[in-house]
Amino acid sequence: MPTSRFQRGDSVMGRWPGSSLYYEVKVLSFDGASRQYTVVYKDGTELELKEQDIMNISSFQHRSRSRSRSPGRRRSRSRSPARTTRRSSSRSAAAEKAPPSSREAKPKDSGEGCLSPPPQVNKGNGNSSKHEGKDNNAESKRSEADPDRNQTRYNLRRRKEDAAPEAKSGELQQKRSEEVPAASVLVPLDYGGKIGAVFWLLFLPVWVLLVLLQAGLKDPSLTNFPPPLPPLESLWDPHALGLVLLWILFQALLYILPVGKLSDGMPLHSGQRLKYRTNGFFAAAASLAAVAAAVYLGADLTYIHSHFLQLATASFLVSVLLSVFLYTRSRLAAPEELAAGGNSGNVLYDFFKGRELNPRLRGFDLKFFCEMRPGLLGWCLINVGLALAEMKQQGLPAPSCPMVLVIVFQLLYVLDSLWNEEAVLTTMDLLHEGFGFMLAFGDLVWVPFTYSLQAYYLVGHPTSPSTPLLAASVGLQLVGYYIFRKSNSEKNRFRRDPTDPQLAHLKSIPTATGRSLLVSGWWGVVRHPNYLGDLLMALAWSLPCGLSHLLPWHYLIYFSALLLHRGSRITSACMRTYGSAWEEYCRTVPYRIVPGVY
Ligand SMILES: NC(=O)c1ccc[n+]([C@@H]2O[C@H](COP(=O)([O-])OP(=O)(O)OC[C@H]3O[C@@H](n4cnc5c(N)ncnc54)[C@H](OP(=O)(O)O)[C@@H]3O)[C@@H](O)[C@H]2O)c1
Ligand SMILES: CC(C)CCC[C@@H](C)[C@H]1CC[C@H]2C3=C(CC[C@]12C)[C@@]1(C)CC[C@H](O)C(C)(C)[C@@H]1CC3
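Conventions adopted
Residues numbered from 1 in each chain as written. Chains lettered and ligands numbered in written order. Predicted model: local features only at pLDDT ≥ 70, side-chain atom pairs only at ≥ 80, totals over all residues. Heavy atoms only, no water. Axes fitted to C-alpha atoms, helices over the stretch in contact; angles between N-to-C directions. Helix = DSSP H or I, 4+ residues; strand = E, 2+ residues; numbered from the N terminus. Parallel < 35°, antiparallel > 145°, perpendicular 65-115°, else oblique. Left-handed = near helix turned anticlockwise from the far one by under 90°. Contact = heavy atoms within 4.5 Å. Nonpolar A, V, L, I, M, F, W, Y, C, P; charged D, E, K, R; others polar. Near = heavy atom within 4 Å. Polar contact = N/O pair within 3.5 Å; in protein donor to acceptor, adjacent residues only side chain to side chain. Areas by Shrake-Rupley, 256 points an atom, 1.4 Å probe, with all protein chains shown as cover.

K.L.:
It is not clear to me how the packing of helix α19 (residues 467-496) against helix α21 (residues 529-542) should be interpreted in this structure. Could you clarify?
P.N.:
Describing two packed helices takes the angle between their axes plus the distance from one axis to the other. Contact pair α19 / α21: the axes reach a minimum separation of 7 Å and the direction vectors enclose 155 degrees. Taken as axis vectors, α19 and α21 run roughly antiparallel relative to one another. Crossing handedness for the pair α19 and α21: left-handed. For the pair formed by α19 and α21, the contact residues are S473, L476, Q477, V479, G480, Y481, I483, F484, S487 and N488 on the first element and P529, N530, L532, G533, D534, L536, M537, L539, A540 and W541 on the second. Of the residues contributing to the contact of α19 with α21, the split by class is twelve nonpolar, seven polar and one charged.

Next up, the structure:
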């Protein structure tokens, strides 16, 4: 190999085709004409790589630190991702259970085997496969018949002695769980970076205050924005804080009760699977009983309306204290416990975005609890209080028709989340997001106090929507809910058990991580079918409030922006993780949310 940078036998880092992940490989030969190296992975997989996909090991070593503190989180050298690529059929459970994506990895603390180099972050393209919207099951079957077929997609050659039979998949899975370290992918800063984080930290609380004050105006037209600010001390009410704390503690008590199912989370990059108590529906029923008992004993739920700002302020204080606690404890966490992108080194950015992936107090999962319980159930309780306030304020014998529609639709949404609580364990926040101010504030303040804006608006602004408008609202809610539930459940089921017979009709694309991507069914219509359903429901919640003001449309506007942003974050993250397989998915399913439009 006269003109090659590396010699036969050299240990180097080779980029996995189509991704930004680098694995340690040994050089076998160099072809000067094509300028390609033939390299071998530690597990014996041989692969031809372009010269530019080979890097010196020393460029990685400055980031190869590990200070694991628990054996379950230890790292060691990786095998090649081809371990799972061999599993050409997307129906392979073992492959599907392979360690989760590189997005859970952290910069600066990578293990030795699978890394992302400093200069090439997010350039996961390269060898994109030729597959374009073909029948993947057929493809998978052909691959099984001809083992080289799938491999040639990635230009793979496997040593005969290493071709472990599929029957060993359980053993293989176990080994992978123990041995594969997280990939270290440098995640670009999000939300406008460091300046953006400062902006959001200040803007979000102020925005909630302004919007709530605006909703309390007799005429909440845009021309009256911003509303006059009340004296700051009027926002503080220790009684309101006591009630907020009582509610959160009551929810925490319900969460820890040994009632209901213990569900498995998705495998962490250590291979470990956390357990989650998914007794959300029980918590909803117990909360209903407790609130009914309180009302029976004389509690006046219209207090929620008359002290809306004070309750929101108290929740805000709790969310700030919680965020400070989360940030402080994350400083003591092992690097393995941090979320990708949660360790930028900038205090404010990390405080905002959240550092630790799964902060737990003993078995109590703070992120899961906050996302699913006090805020969501608090939102329903607030809605009930607002419906009673509407009756009181407008002298009605029963809540108005728009109010009934809004609170029934939203109650259905929340109860559905709690009934299907396990499905939340395969969503982006649970899988990849650190728990910091953004989620703490989002869960405890933003969700209960801005998602109830339609009901809050209706208390002081009676509307009489036409029957067709109300009918459209009901139709949108039903269609939206159907799409939302079916698509979320389909993905959750597939991620949990890709061999599930109920999914046998679905096609999927295998990826180098071992997990596959659904490419038919709901996930073959658009790339975010669950967002489509969610957005239709959001529309249904605003329509009954009429078109006179923007306020009841606040949720739809914010939510559209949030989902567009989330969609693009998922795209970049999946591009980093799945590389050419994701590109293939995007080619096969070109539309993101609305078929034929976007
Ligand atoms: N009401 C609200 O305020 C609100 C706010 C945000 C979200 N939501 C709702 O929450 C739900 C979850 O949303 P999310 O943002 O977490 O997104 P999601 O679509 O549930 O999760 C995204 C993840 O799904 C996996 N995935 C993507 N495409 C796939 C495919 N074709 N086959 C298999 N797996 C695939 C990927 O993870 P892996 O490959 O790593 O498994 C991806 O990172 C949605 O219904 C959304 O509408 C509601
Ligand atoms: C502007 C910021 C404060 C944004 C904060 C974002 C959070 C409010 C959301 C991020 C993920 C969201 C989410 C739900 C609620 C809102 C978020 C926490 C969710 C619990 C709503 C019910 C759904 O059925 C769901 C369980 C799928 C959903 C999960 C994601």
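K.L.:
Which parts of the structure should I look at to understand the site of ligand 2?
P.N.:
The environment of ligand 2 is made up of 15 residues, and the closest members are E371, S417, D429, D443 and F484. Interatomic distance of 2.7 Å between a side-chain N/O atom of S417 and an oxygen atom of ligand 2. Starting from 630 Å² of accessible surface for ligand 2 in isolation, the protein chains cover 89%. Elements that contribute at least two residues to the shell around ligand 2 include exactly α15 (401-419), α17 (437-450) and α22 (554-578). If you tally residues by element for the shell around ligand 2, the top one is α17, at four residues. Split into classes, the residues belonging to the shell around ligand 2 amount to nine nonpolar, two polar and four charged.

K.L.:
Looking at this structure, how should I read the site of ligand 1?
P.N.:
Ligand 1 sits among 28 residues. The nearest are Y451, K491, Y531, D534 and Y578. Note that an oxygen atom of ligand 1 is positioned 3.2 Å from one of the side-chain N or O atoms of R515. Y585 has a polar side-chain atom sitting 3.1 Å from a nitrogen atom of ligand 1. Sorting the residues of the shell around ligand 1 by element identifies α16 (428-432), α19, β13 (516-518), α21, α22 and α23 (580-588) as the ones contributing at least two each. Broken down by element, the residue count for the shell around ligand 1 peaks at eight residues, all from α22.

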